[in-house]
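# Fold and geometry: a report
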Amino acid sequence: MDVLSKLGDIDNRILYIILILVLLIPMVRPIGIPISIGPWTRTSFAVLSSLKSGDKVIFDFGYNVDGAPDVEPIAQAVMADLFKRDIKIICVCYNAQGVMIAEKLLRPYEEQGKVYGVDFCNLGYVAGEETALAAYARDLKKTFPLDVRGNHTATLPILEGVTGAPDVEAWVFFTDGGAEPWVRQVGPLNVPVIGGLITVSAPNAEPFVQSGQLAGLLIGLRGAAEYEILTNNPGAAVAAMDAQSLGHLLLILFIVFGNIAFFVKRSKGPIGSKEVSK
Amino acid sequence: MVSGRVSGFMALLIIFGTMMLGIERAKKQLPTIRKIAGLEAIDEAVGRATEMGKPIFCTPGWSDITTSTAAPTFAALDIIHHVARLAARFDTKLVVAIAYPNVFPLAEQVVRQAFVLEGKADVYEPGTVVFTSPEQYAYAAACLGIIQREKVTATVLVGHFASEAINFAEASAAVGAISIAGTESTTQLPFFTAACDYTMIGEELLAAGAYISQDPVRLGSINGQDYVKLFSFIWILIGSLLTTIGSVWMKDILTR
Amino acid sequence: MKRELPLVITALVGLVMIVEYFFEIPGASTAAKEMQDWAIIVAAFALAVAAINLALTHARNISQKRPGWIHSVLLIVSLIITTISGIFLGMDSGAFSFIFNNIITPCGAAFYAMACFHLFSAAYRAFRAQTPQAAALLITGVLVMLGRAPIADVISPHLPSIANWLMQVPNLAGMRAVTISAAVGMIGVSLRILVGIDRTHLGIGQE
């Protein structure tokens with residue numbers, strides 16, 4: 001009984017060490033837990049897989065490096081798929097860090113032979129968040145007269161015939177915030193809008209897909225893993241899924257331990273002041 | 001009018017009108033607001049800090065005053081003003097951490113004014129309000145460092161937060177501090193509710209200024225807002241019924 | 001005048017922005033855009049003020065050799081190096097890229113990952129079924145956690161559906177209610193600031 005009541009008082013440091021081991025081991029020795037594909041990823045994949053070689057897609061980078069672990073795998077998975085099918089990508093940045101993030105993601109493809117200005121470009125960032133988004137969603141060249149490499153955007157071959165959102169085949173944004181700015185500014189412009197979001201923002205964004213204001217959602221690391229599976233390109237996101245599953249199970253196990261200890265202590269006597277209900 | 005914004009303008013007029021009505025009624029009879037546990041707990045938190053001789057930590061969240069999350073920041077500054085007045089009254093050390101440069105001069109002014117009102121202008125230290133960084137996790141790291149180094153006895157985490165919320169709540173728990181949180185951010189409310197001692201949910205944070213001041217005009221405007229919520233509830237009910245029977249009238253009205 | 005002027009400016013600017021948003025009035029867009037540009041300029045100056053405050057605070061720590069003063073040295077050196085490399089060498093220079101890719105990015109990611117550990121200890125500490133409401137929170141939380149992980153399909157094919165239903169029906173209903181009331185509250189706060197009822201932030205607080 002003493003052991004049971006101590007289950008609720010495990011030191012945080014021991015918890016953290018166990019958690020680290022549980023997360024690390026399946027990344028080194030994958031278990032291969034099957035991953036089902038969710039409806040939002042299927043919807044997004046349906047939109048993106050209908051694109052043809054030569055079509056143009058806008059990638060809007062709106063996350064900071066802090067949120068990158070959850071949303072960057074989505075950007076990587078979608079970028080890999082689109083470049084593989086010779087779809088052109090026009091990058092714009094909702095926030096300042098997006099510029100460097102976009103350059104970092106694009107560099108390997110440039111080294112593999114993709115041509116800047118023809119296959120892809122990075123138009124950069126302009127201050128103003130949603131105000132700026134409203135401007136560049138309607139007129140890219142006017143909002144970005146120069147790209148990040150100093151080229152005049154009016155002369156870039158990839159932007160020929162492209163003024164704003166209605167002239168591209170899809171707009172994919174990646175953010176660690178909410179989807180609302182893109183729903184408000186890009187949604188009404190007659191272009192399929194797909195959002196790559198962190199897991200915590202997903203519940204707020206799901207109604208927009210239900211109402212048709214967003215064409216699809218890719219949610220967190222799980223969304224990236226599902227997209228990798230659908231595109232037959234398993235990568236880092238798929239590799240992390242075993243760790244995610246075991247991490248969830250471990251958390252539930254320790255919650256159960258805590259409750260066992262709580263009920264054992266309660267059966268012994270009055271509750272202490274720290275355990276007042278919320 | 002700009003197309004697609006007529007219903008928004010109508011809503012704004014209705015909200016403004018009911019607020020003004022609420023204010024007029026409040027001048028005749030002061031409305032009551034139910035107890036908000038988080039705000040009531042501030043006195044207890046300051047008292048505990050005074051007894052133990054340790055500081056109180058406050059932050060108005062990770063938000064600027066030029067974005068859509070400006071309102072919670074202003075509401076948070078109201079609460080920080082109240083905490084600062086109590087801290088000045090009882091000579092308790094206070095640390096206020098600010099993320100955005102725009103908020104920094106306002107916070108300094110708010111805290112300094114609190115000390116002046118308590119007759120303790122000479123006691124106010126320039127290092128009370130600390131600018132950290134607009135970078136989310138640089139701000140979080142700075143706040144965690146302050147909480148852990150200073151071994152604060154109370155943390156007041158009010159305003160708009162992103163994923164650093166759980167870090168602050170746990171850091172408070174780790175040093176044994178009372179944590180009073182409040183946010184309008186629905187993504188962070190679950191973390192605060194689970195990990196903090198007191199949590200102000202959504203509008204409780206935004207009504208804080210009126211609650212603390214008990215000013216009839218501010219209380220009246222809160223009272224007026226309640227009628228707006230009642231109106232919204234009825235509107236949602238009617239809209240749900242109409243949409244269920246296949247009518248698009250409500251959708252047309254709201255998208256005009 | 002010192003009290004009234006900020007209130008008048010607040011009200012006027014607010015009125016211009018509201019009018020510009022809802023009405024197509026010639027000149028209103030230009031005025032609003034101009035004010036937005038001013039706000040960006042003011043923010044830049046506020047950044048300078050805040051950065052100076054930061055430097056002075058840490059310089060004070062160093063001069064008075066307060067505990068942890070060596071960290072203040074580190075902060076000031078980092079601030080100077082990053083500022084110089086960003087402004088004079090450019091964002092695409094090797095130095096700035098190195099700082100961004102090898103220091104800022106991994107530190108930010110590490111801190112984001114810390115949330116996982118804090119969440120773990122918070123859930124372990126706080127998720128106790130002390131009351132029926134707490135028990136309901138606990139059970140739904142466990143169901144959603146299980147249902148959202150890939151292992152849900154191995155345990156039961158119904159788990160993902162249960163988790164989705166919990167998130168999309170009761171959870172979404174609650175979140176929408178909080179969002180609507182918070183939105184009304186935010187409009188209320190904003191209007192009170194614009195008409196000068198709420199003035200604490202201007203230092204014209206309660207007497």
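Residues numbered from 1 in each chain as written. Chains lettered and ligands numbered in written order. Predicted model: local features only at pLDDT ≥ 70, side-chain atom pairs only at ≥ 80, totals over all residues.

Now for the overall build of chain C. Within chain C, the secondary structure is distributed over 7 helices and 0 strands. Ordered by position from the N terminus, the helices and strands of chain C form the series α-α-α-α-α-α-α. Taken against the 2.2 N^0.38 rule, which gives 17 Å for 207 residues, the C-alpha radius of gyration of chain C at 26 Å runs more than 25% over that of a compact globule. Based on the C-alpha atoms only, the size of chain C along its principal axes is roughly 65 × 50 × 45 Å. By the burial criterion, 25% of the 207 residues in chain C qualify as buried. (Helix = DSSP H or I, 4+ residues; strand = E, 2+ residues; numbered from the N terminus. Rg over C-alpha atoms; globule rule 2.2 N^0.38 Å. Buried ≥ 20, exposed ≤ 12 C-beta atoms within 10 Å, placed from the backbone.)

So, about the interface of chain C and chain B. Taken together, the contact pairs 51 residues of chain C with 55 residues of chain B. Secondary-structure elements contributing two or more residues to the side of chain C that touches chain B are α1 (4–22), α2 (28–63), α4 (94–126) and α7 (159–195) of chain C. A total of 16 residues in the side of chain C that touches chain B trace back to one element, the largest contributor, which is α7 of chain C. Each residue belonging to the side of chain C that touches chain B can be placed in one class, and the counts come to 30 nonpolar, 16 polar and 5 charged. (Contact = placed C-beta atoms within 7 Å. Nonpolar A, V, L, I, M, F, W, Y, C, P; charged D, E, K, R; others polar.)

In this section: the interface of chain B and chain A. At the interface, 7 residues of chain B touch 7 residues of chain A. Here the side of chain B that touches chain A is composed, by residue class, of 1 nonpolar, 6 polar and no charged.

As a measure of interface size, the accessible area lost when the parts come together is often cited. Residues and elements named next belong to chain C. In terms of domains, chain C is made up of domain 1 (1–89), domain 2 (90–126) and domain 3 (129–207). Summarising the inter-unit geometry, the C-alpha centres of domain 1 and domain 2 are found 25 Å apart. Tallying the contact residues gives 4 residues for domain 1 and 6 residues for domain 2. Its residues placed into classes, the side of domain 1 that touches domain 2 shows 1 nonpolar, 3 polar and no charged. (Domains from an automatic or database assignment.)

So, on to the sheet that holds strand β4 (residues 154–160) of chain B. All names here are of chain B. As summarised here, the arrangement of the 6 strands in space is β3-β2-β1-β4-β5-β6, forming an open sheet in which the pairing is parallel. Only two strands of the sheet have a single partner each, and these edge strands are β3 (129–131) and β6 (198–201). Sheet twist, expressed as the mean angle between neighbouring strand axes with direction ignored, is 15 degrees. In the packing of helix α2 (residues 37–52) onto the sheet, contacts are made with β1 (56–61), β4, β5 (178–183) and β6, and the angle to β5 comes to roughly 150 degrees. (Pairing = 2+ DSSP bridges. Axes fitted to C-alpha atoms, helices over the stretch in contact; angles between N-to-C directions.)

Below, the discussion takes up the sheet that holds strand β1 (residues 56–62) of chain A. Residues and elements named next belong to chain A. Strand order in the open sheet made by the 6 strands is β3-β2-β1-β4-β5-β6, with parallel pairing throughout. Each edge of the open sheet is held by one strand with a lone partner, namely β3 (120–125) and β6 (216–219). Neighbour-to-neighbour, the strand axes of this sheet turn through a mean angle of 15 degrees, independent of strand direction. Across 6 bridges, the pairing between β1 and strand β4 (residues 170–175) is parallel. What sits directly across from Gly 62, in β4, is Thr 175.

A word on the domain arrangement of chain B. Partitioning chain B into structural domains gives domain 1 (6–30 + 214–254) and domain 2 (37–212). On a C-alpha basis, the centres of domain 1 of chain B and domain 2 of chain B stand 31 Å from each other.

We now examine the nonpolar core. Membership of the largest hydrophobic core comes to 110 residues, with the highest contact counts inside it found for Ile 56, Ile 80, Val 83, Val 96, Ile 98, Ala 107 and Ala 169 of chain B. When residues of this core are assigned to their parent elements, the largest contribution, 12 residues, is made by helix α3 (residues 70–89) of chain B. Non-local contacts of Ala 169 of chain B, meaning those with residues more than four positions away in its chain, are made with Ser 179, Ala 181, Phe 191, Phe 192, Ala 195 and Cys 196 of chain B together with Ala 122 of chain C. Counting residues in each nonpolar core, the second largest holds 79 residues, with Ile 58, Leu 82, Ile 90 and Phe 144 of chain A among its members. (Core = buried A, V, L, I, M, F, W, Y, C linked by C-beta atoms within 7 Å.)

Another point: the pairing of β1 of chain B. Residues and elements named next belong to chain B. Counting buried positions along β1 yields 6 of 6 residues, so the element is predominantly enclosed. Relative to strand β2 (residues 94–98), β1 runs parallel, the two being bridged by 3 bridges. Looking at β2, one finds that Cys 58 is bridged to Val 96. What joins β1 to β2 is α3, and the crossover it makes is right-handed. As paired elements, β1 and β4 share 5 bridges and run parallel to each other. Its bridge partner being in β4, Cys 58 is matched across the sheet by Val 156. (Right-handed = clockwise from strand over helix to strand, strands pointing away.)

A separate point is the packing of helix α6 (residues 165–174) of chain B against α4 of chain C. Viewed as axis vectors pointing N to C, α6 of chain B and α4 of chain C meet at an angle of 55 degrees, and their least axial separation amounts to 9 Å. The angle between the axes of α6 of chain B and α4 of chain C places the two elements in the oblique class. The handedness of the crossing between α6 of chain B and α4 of chain C is left-handed. Contact residues: Ile 166, Asn 167, Ala 169, Glu 170 and Ala 173 of chain B in α6 of chain B; Met 114, Ala 115, His 118, Leu 119, Ser 121, Ala 122 and Arg 125 of chain C in α4 of chain C. Counted by class, the contact of α6 of chain B with α4 of chain C contains 7 nonpolar, 3 polar and 2 charged residues. (Parallel < 35°, antiparallel > 145°, perpendicular 65-115°, else oblique. Left-handed = near helix turned anticlockwise from the far one by under 90°.)

Residues and elements named next belong to chain A. If you trace the backbone, Thr 231 turns up in the loop between α10 (220–230) and α11 (236–268). Linking Thr 231 and Leu 82, residues 149 residues apart in sequence, is a C-alpha distance of 10.0 Å. With residues up to four places along the chain from it excluded, the contact list for Thr 231 reads Ala 77 and Asp 81.

A word on unusual backbone geometry. With a phi angle near 55 degrees, Asn 232 of chain A is a residue other than glycine that sits in the positive phi range. Assignment of secondary structure puts Asn 232 of chain A in the loop between α10 and α11. What makes Asn 232 of chain A exposed here is the crowd of 8 C-beta atoms within 10 Å. One non-glycine residue, Lys 65 of chain C, lies in positive phi territory at about 45 degrees.

The subject of this paragraph is helix α10 (residues 216–244) of chain B. When the terminal C-alpha atoms of α10 of chain B are compared, their 42 Å separation across 29 residues agrees well with the 42 Å that a helix rising 1.5 Å per residue should span. Where α10 of chain B is concerned, the buried positions are Arg 218, Leu 219, Gly 220, Ser 221, Ile 222, Asn 223, Gly 224, Gln 225 and Val 228 of chain B. Lining the buried residues of α10 of chain B we find α1 (6–28) and α9 (208–213) of chain B together with α7 of chain C. Within two residues after α10 of chain B, Gly 246 of chain B carries a phi angle of roughly 95 degrees, on the positive side. (Expected span 1.5 Å × (residues − 1).)

With 98% of its residues at a pLDDT of 70 or more, chain C has an overall mean of 87. As scored by the predictor, the complex reaches a pTM of 0.85 and an ipTM of 0.84. (pLDDT = per-residue confidence, 0-100.)

Here the focus is the pairing of β3 of chain A. Residue and element names in this part refer to chain A. In terms of burial, β3 is largely enclosed, as 6 of its 6 residues are buried. Pairing between strand β2 (residues 88–93) and β3: 4 bridges, direction parallel. When the sheet's bridge partners are listed, Ile 89 is paired in β3 with Phe 120. Following the backbone out of β2, through helix α5 (residues 97–111) and into the adjacent parallel β3, one traces a crossover that is right-handed.

A few words on α7 of chain C. With 37 residues, α7 of chain C extends 52 Å from end C-alpha to end C-alpha; this agrees with the ideal 54 Å at 1.5 Å per step. Most pronounced at Leu 172 of chain C, the bend in α7 of chain C amounts to some 40 degrees. Along α7 of chain C, the positions that sit buried rather than exposed are Ser 181, Ala 182, Val 184, Gly 185, Met 186, Gly 188, Val 189, Ser 190, Leu 191, Arg 192 and Ile 193 of chain C. On the buried face of α7 of chain C, the contacting elements are α1, α3, α8 (203–206) and α10 of chain B together with α1 of chain C. (Bend = angle between axes of the 7 residues up to and from the residue.)

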